[in-house]
Amino acid sequence: MLADSTLSAAERTAIDTVPRGLFINGEWRETARTFPVVDPATGVPLCSVADADPADGLAALDAADAAQPAMAGTSPRERGDLLMRVHRALLAETERLGLIMTLEMGKPLEEARREIAYAAEFFRWFAEEAVRIDGGYMSAPTGGARFLVTKQPVGPSLLITPWNFPMAMGARKIAPALAAGCTCVVKPAEQTPLSMLALVELMATAGLPAGAVNVVTTTDPAALMTPLIRDERSRKLSFTGSTAVGKVLLEQCAQTVMRTSMELGGNAPLLVFDDADLDEAVEGALEAKMRNIGQACTAANRFLVQRGIAEEFAQRLAARMAALPMGRGTEPDVVVGPLIDADAVAKVQHLVDDARTRGATVLTGGTAPTGPGTFYSATVLVDVPDDAELYHTEIFGPVAAIGVFDTEDEAIRRANGTPYGLVSYVFTENLRRGLRVCEAMETGMVGLNQGVVSNPAAPFGGVKESGLGREGGSTGIDEFLEIKYIGVRL
Ligand code: NAD
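Read on for a plain summary of the structure. What you are looking at is a predicted structure, and each value in this text was computed from that prediction instead of being measured.

Observations regarding the nonpolar core
- Core analysis: the biggest nonpolar cluster contains 69 residues, and Phe-313, Leu-317 and Leu-390 have the highest contact counts within it.
- If you count residues domain by domain, this core takes at least three from each of domain 1 (4-264 + 466-487) and domain 2 (268-455).
- Apart from the residues lying within four places of it in its own chain, the contact partners of Phe-313 are Val-272, Leu-278, Ala-281, Val-282, Ala-285, Phe-303, Val-305 and Ile-402.
- Grouped together as the second largest cluster of nonpolar side chains are 65 residues, Phe-35, Ala-127, Ala-177 and Leu-208 included.

So, the pattern of salt bridges
- The tally for this structure, following the rule as stated, stands at 33 salt bridges.
- Across the pair Asp-231 and Arg-233 runs a salt bridge, and its minimum N-O distance is 3.0 Å.
- For Lys-247, the salt bridge identified is with Glu-465, shortest N-O distance 3.0 Å. Separated by 218 residues along the polypeptide, Lys-247 in helix 9 (residues 243-254) and Glu-465 in the loop between strand 18 (445-448) and strand 19 (467-468) bring together distant segments of the chain.
- Here Lys-247 falls in the partly exposed class, since its relative accessible area comes to 41%.
- With relative accessibility at 32%, the residue Glu-465 sits in the partly exposed group.

Regarding the pairing of strand 13 (residues 300-306)
- With respect to burial, strand 13 is a largely interior element, 7 of its 7 residues being buried.
- In this sheet, strand 13 lies alongside strand 12 (residues 268-272) in parallel orientation, the contact comprising 5 bridges. By the bridge assignment for strand 13, Leu-270 is matched with Phe-303.
- Both strand 13 and strand 16 (residues 399-405) contribute to a ladder of 4 bridges, which runs parallel. Its bridge partner being in strand 16, Leu-304 is matched across the sheet by Gly-403.

Let's talk about unusual backbone geometry
- For the bond from Gly-371 to Pro-372, the omega torsion is 5°, close enough to zero to count as cis.
- Although it is not a glycine, Val-257 adopts a positive phi angle of roughly 50°.
- Its location among the elements puts Val-257 in the loop between helix 9 and strand 11 (259-263).
- The backbone of Asp-383 shows a phi angle near 55°, a positive value even though the residue is not glycine.

Observations concerning the sheet that holds strand 6 (residues 145-153)
- Across the sheet, 3 strands lie side by side as 5-6-20; this open sheet has antiparallel pairing. Two strands bound the open sheet, and with one partner strand each, they are strand 5 (136-139) and strand 20 (481-489). The sheet shows a mean angle of 20° between the axes of neighbouring strands, taken without regard to direction.
- With 4 bridges joining them, strand 5 and strand 6 adopt antiparallel strand pairing. Following the sheet pairing, Ser-139 is matched in strand 6 by Arg-146.

Side note on the site of the ligand
- Around the ligand there are 28 residues in total, and Thr-161, Glu-190, Ser-242, Leu-264 and Glu-394 lie nearest to it.
- At 3.4 Å, a side-chain N or O of Glu-263 approaches an oxygen atom of the ligand.
- Burial of the ligand by the protein amounts to 88% of the accessible area it has alone, namely 850 Å².
- Comparing atom positions with the cavity grids shows the ligand to sit within the largest pocket.
- Taken together, the elements giving at least two residues each to the shell around the ligand come down to helix 6 (168-180), helix 8 (221-230), strand 10 (236-240) and helix 9.

Quick word on the layout of surface pockets
- Quantified by volume, the largest pocket comes out at close to 930 Å³.
- Along its surface, the largest pocket is lined by 41 residues, and Trp-163, Phe-239, Gly-241, Ser-242 and Val-245 are the ones closest to its centre.
- When contributions to the lining of the largest pocket are tallied by element, the ones reaching two or more residues are helix 6, helix 8, strand 10, helix 9 and helix 12 (342-357).
- Top contributing element to the lining of the largest pocket by residue count: helix 9, with 6 residues.
- Formed jointly, the lining of the largest pocket draws a minimum of three residues from each of two domains, domain 1 (4-264 + 466-487) and domain 2 (268-455).
- Put simply, the second largest pocket is a space of about 310 Å³.
- Lining the second largest pocket we find 18 residues, and of these Glu-111, Arg-114, Met-290, Val-334 and Val-335 sit closest to its centre.
- If you list the elements that add at least two residues to the lining of the second largest pocket, you get helix 5 (109-130) and helix 10 (278-290).
- For the lining of the second largest pocket, the residue count by class is 8 nonpolar, 1 polar and 9 charged.
- For the lining of the second largest pocket, the domains that each give at least three residues are domain 1 (4-264 + 466-487) and domain 2 (268-455).

Section: helix 12
- An ideal rise of 1.5 Å per residue puts 22 Å on 16 residues; helix 12 measures up with 22 Å between its terminal C-alpha atoms.
- Taken together, the buried positions of helix 12 are Ala-344, Val-345, Val-348, Gln-349, Leu-351, Val-352, Asp-354 and Ala-355.
- Positive backbone phi, approximately 115°, marks Gly-359, located one or two places after helix 12.

Looking at the packing of helix 10 against helix 11 (residues 307-322)
- Their axes nearest at 10 Å, the elements helix 10 and helix 11 cross at an angle of 55°. On the basis of their axis angle, the class for helix 10 and helix 11 is oblique. Remark: the crossing between helix 10 and helix 11 carries right-handed chirality. Contact residues: helix 10 offers Leu-278, Asp-279, Ala-281, Val-282, Glu-283, Ala-285, Leu-286, Lys-289 and Met-290, while helix 11 offers Ile-309, Glu-312, Phe-313, Arg-316, Leu-317, Arg-320 and Met-321.
- For the contact of helix 10 with helix 11, a count of residues per class yields 10 nonpolar, no polar and 6 charged.

What to know about the sheet that holds strand 15 (residues 379-382)
- With mixed pairing, 7 strands are arranged side by side in an open sheet as 14-15-16-13-12-17-18. Two strands lie at the open edges of the sheet, namely strand 14 (361-364) and strand 18, each paired on one side alone. Sheet twist, expressed as the mean angle between neighbouring strand axes with direction ignored, is 25°.
- Contacts from helix 11 reach strand 12, strand 13, strand 14, strand 15 and strand 16 within the one sheet, and its direction differs from that of strand 13 by about 140°.
- Sitting on the sheet, helix 14 (residues 431-440) touches strand 12, strand 13, strand 17 (423-427) and strand 18, and the angle it makes with strand 18 is about 160°.

Conventions used here
Residues numbered from 1 in each chain as written. Predicted model: local features only at pLDDT ≥ 70, side-chain atom pairs only at ≥ 80, totals over all residues. Heavy atoms only, no water. Core = buried A, V, L, I, M, F, W, Y, C linked by side-chain atoms within 4.5 Å. Buried < 20%, exposed > 50% of the residue type's maximum accessible area, 1.4 Å probe, protein only. Domains from an automatic or database assignment. Contact = heavy atoms within 4.5 Å. Salt bridge = Lys/Arg side-chain N within 4 Å of Asp/Glu carboxyl O. Helix = DSSP H or I, 4+ residues; strand = E, 2+ residues; numbered from the N terminus. Pairing = 2+ DSSP bridges. Axes fitted to C-alpha atoms, helices over the stretch in contact; angles between N-to-C directions. Near = heavy atom within 4 Å. Polar contact = N/O pair within 3.5 Å; in protein donor to acceptor, adjacent residues only side chain to side chain. Areas by Shrake-Rupley, 256 points an atom, 1.4 Å probe, with all protein chains shown as cover. 1 Å grid on protein atoms, 1.4 Å probe; cavity = no way out; pocket = protein on both sides within 12 Å on 5 of 7 lines; lining within 4 Å. Sits in = over half its atoms within 2 Å of the grid points. Points joined across faces, edges and corners; volume = space filled by probe spheres on them. Nonpolar A, V, L, I, M, F, W, Y, C, P; charged D, E, K, R; others polar. Expected span 1.5 Å × (residues − 1). Parallel < 35°, antiparallel > 145°, perpendicular 65-115°, else oblique. Left-handed = near helix turned anticlockwise from the far one by under 90°.

All we've got here are geometric facts, nothing functional implied.
See below:
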């Protein structure tokens with residue numbers, strides 16, 4: 001048994017601090033129906049939260065729409081100051097919020113604390129960006145007229161977030177939306193609503209205007225969101241989640257030509273060349289694979305290692321993976337927490353079995369411990385053939401699948417041989433090769449000799465079927481701004 005199913009007094013207290021209702025127009029609302037939030041480490045329900053229906057969703061949009069003019073009229077400095085207060089409050093509450101996140105999602109407490117810091121940094125970054133929304137003034141090429149260019153908030157925005165980073169994915173949308181002067185309706189994932197409910201309560205205490213951020217939790221996201229997406233008062237959809245759902249939402253958004261930002265799935269290659277620093281490559285591989293127990297859009301999904309060092313790399317990675325402590329995320333030193341649910345474990349097991357059937361060998365792991373909780377052991381597979389299913393789908397679990405390449409051209413071709421294009425990782429000590437390969441990667445982001453790329457100050461996003469638009473960085477706020485040009489005849 002990996003996890004004790006009873007909550008400690010501190011854990012119970014942390015859960016009991018979280019409001020359970022819908023947050024609409026600055027007030028908490030109860031619903032007739034509720035649904036349980038389950039600790040994936042134990043399978044035990046932590047509490048129940050409101051289950052919104054489509055009428056609740058429309059009430060949230062009514063509130064966002066009503067608050068939009070006032071929000072657009074606030075000064076950039078006022079909006080920045082609000083975001084800075086949220087930044088500070090998040091940091092001050094790291095322990096409580098981190099514990100809530102670990103309990104509802106399973107990630108180790110240390111990772112949850114890092115996610116709170118990451119989320120807080122989005123509020124600080126966009127507090128600073130709120131006062132730097134720029135414009136332009138230019139002469140018409142023919143003379144006699146001037147062009148004024150200004151940026152205005154796009155308007156009420158729908159924000160849909162996944163369960164794997166329950167706080168940061170929301171922060172990455174809410175902070176730029178508010179910085180730009182947009183109100184929003186946020187729909188967190190049904191597996192992990194508590195982090196978002198705790199965040200919005202903290203924002204309300206920090207002085208959030210009523211209606212500026214509305215949060216609706218539901219077990220039926222399609223029924224709730226479809227009418228909101230069709231409603232012409234909604235001016236923007238920012239979605240983070242799977243490519244399959246993203247495609248459905250893009251079709252729906254076409255009906256009103258709604259602006260979209262899409263942060264979708266990935267299938268990251270991690271390339272290790274024989275001139276890499278092997279210690280650094282193993283560390284980077286571990287980070288790129290094991291962050292969030294492998295449940296990250298940026299997780300390295302396909303390890304491709306040059307033949308001369310492939311065996312040593314695999315043996316060293318396997319030794320490190322085998323030594324990672326598994327257990328409930330609240331226990332000290334745990335790295336391998338539970339996967340989000342039983343379906344996730346079944347999917348990972350299926351992918352490992354498929355690879356084995358096609359000729360892969362298991363160096364370590366390859367099994368799911370018996371419950372309670374939905375755990376999967378840290379796994380390293382070698383001799384993985386290109387047709388293995390796990391090379392073509394997000395594994396979303398702690399499984400490193402290693403294949404071998406011979407030449408740089410072959411590595412690039414195989415790395416790019418996927419419809420996804422979120423991130424890639426390249427390990428080499430050769431500067432020319434490093435830059436050549438980074439430029440050849442068909443991904444929105446590349447980690448050169450590093451296994452983590454996320455940073456609020458950098459533009460995060462993918463190409464191909466991994467998404468549209470960028471979050472964070474100096475362009476992140478533009479996702480919530482419209483450009484207006486005013487022609488002036490002199
Ligand atoms: P998901 O697509 O199943 O769900 C994401 C969100 O969409 C949830 O809030 C869900 O309730 C909602 N949703 C589902 N169907 C919907 C519908 N028909 N209408 C409206 N909303 C709907 O994804 P998930 O399992 O929660 O998250 C994992 C996925 O997210 C992975 O594919 C991962 O790669 C991706 N992800 C991408 C990024 C990124 O920045 N690119 C970051 C984190 C996660």
